[in-house]
Amino acid sequence: MWSDSALDIRAYTAEDRRAVVALWQAAGLLRPWNDPERDIDLCCSSSESEIFVGVREDRAIAAIMVGHDGHRGWLYYLAVDPGSTGQGFGRRMVEHAEGWLASRGVPKVHIMIRETNLDVQAFYRRLGYEDNPCRVMQRWLDPAAGALAAPKTADPGAGTSD
Ligand SMILES: CC(C)(COP(=O)(O)OP(=O)(O)OC[C@H]1O[C@@H](n2cnc3c(N)ncnc32)[C@H](O)[C@@H]1OP(=O)(O)O)[C@@H](O)C(=O)NCCC(=O)NCCS
């Protein structure tokens, strides 16, 4: 476990499930086409992906999902409790996930952010992230999830929609 006086960062355990889903909900990251419990289960089924939880005073106040595909690393579901933002916890969670990737020899990390989500882009720029000139394309392998995503709402809000 990595820690300092303000935040302990440790790997997710099954006991964290409700708190982590609640954090993602509070941070506005949940989408109808993404079942967070299923995403947690899939992540936990691989040794090449992990969820980290940031704990302060026995309460989960931050979480991030990280993984790699054998080539590049990816970050998902970064959330800091709305009452705890602006204190460096988001940066700590990202740096911890980056360290996890680097320890596995992964040379580069990516994050998908909605083009309209300027706040999160600014956050990642502050952490040294740059625009990637590649276009991300997708195809749903789960038609049911794809059908939920199909009727585009005006703007689903902050965070990723992937
Ligand atoms: C985005 C989020 C994780 C940031 O967490 P946070 O704990 O407030 O961020 P930090 O305090 O660690 O900020 C780190 C740096 O980014 C800067 N920063 C944070 N938000 C910023 C913003 N909206 N615009 C510009 N800079 C910003 C901070 O000033 C800080 O800079 P410094 O370290 O040089 O002083 C948090 O606001 C959140 O959970 N948002 C909702 C969920 C979400 O959108 N997640 C991203 C999914 S892609």
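Refer to the structure presented above.
Residues numbered from 1 in each chain as written. Predicted model: local features only at pLDDT ≥ 70, side-chain atom pairs only at ≥ 80, totals over all residues. Heavy atoms only, no water.

Comments concerning the site of the ligand
Phase 1: Around the ligand, the structure places 20 residues, and the nearest of them are Leu78, Gly86, Gly88, Arg91 and Arg126.
Phase 2: Here the ligand has 940 Å² of accessible area as a free molecule, and 73% of this is covered by the chains.
Phase 3: Secondary structure elements with two or more residues in the shell around the ligand: β5 (73-80), α3 (89-102) and α4 (118-126).
Phase 4: If one sorts the elements of the shell around the ligand by residue count, α4 sits on top with five residues. (Near = heavy atom within 4 Å. Areas by Shrake-Rupley, 256 points an atom, 1.4 Å probe, with all protein chains shown as cover. Helix = DSSP H or I, 4+ residues; strand = E, 2+ residues; numbered from the N terminus.)

Observations concerning the packing of aromatic side chains
Phase 1: Tallying each qualifying case throughout the model produces four aromatic pairs.
Phase 2: Taking the centre distance of 3.8 Å and the plane angle of 10° together, the rings of tryptophan 24 and tyrosine 77 count as stacked. A residue pair is termed long-range when its members are at least 10 positions apart, and tryptophan 24 in helix α1 (residues 17-26) and tyrosine 77 in strand β5 qualify at 53 residues.
Phase 3: Ring centres of tyrosine 124 and tyrosine 129 lie 5.0 Å apart, and the angle between their planes is 70°; on these two criteria the pair is classed as edge-to-face. Tyrosine 129 matches tyrosine 124 in its accessibility class, with the two residues each being buried.
Phase 4: The structure contains a cluster of three or more aromatic residues connected by ring pairs, namely Phe123, Tyr124 and Tyr129. (Phe/Tyr/Trp six-rings, centres within 6.5 Å; stacked < 30°, edge-to-face > 60°. Buried < 20%, exposed > 50% of the residue type's maximum accessible area, 1.4 Å probe, protein only.)

A short note on the environment of aspartate 81
Phase 1: Within the secondary structure layout, aspartate 81 lies in the loop between β5 and α3.
Phase 2: According to the relative accessible area criterion, aspartate 81 is buried, its value standing at 16%.
Phase 3: Distance from aspartate 81 to aspartate 35, taken between C-alpha atoms, is 20 Å for residues 46 residues apart in sequence.
Phase 4: Not counting residues within four places of it along the chain, the set of residues in contact with aspartate 81 comprises Leu23, Arg59 and Ile61. (Contact = heavy atoms within 4.5 Å.)

Focus on the state of the cysteines
Phase 1: Scanning the model with the defined rule gives zero disulfides in all.
Phase 2: No disulfide involves cysteine 43; its sulfur sits 5.3 Å from that of cysteine 44, the nearest cysteine. (Disulfide = S-S within 2.5 Å.)

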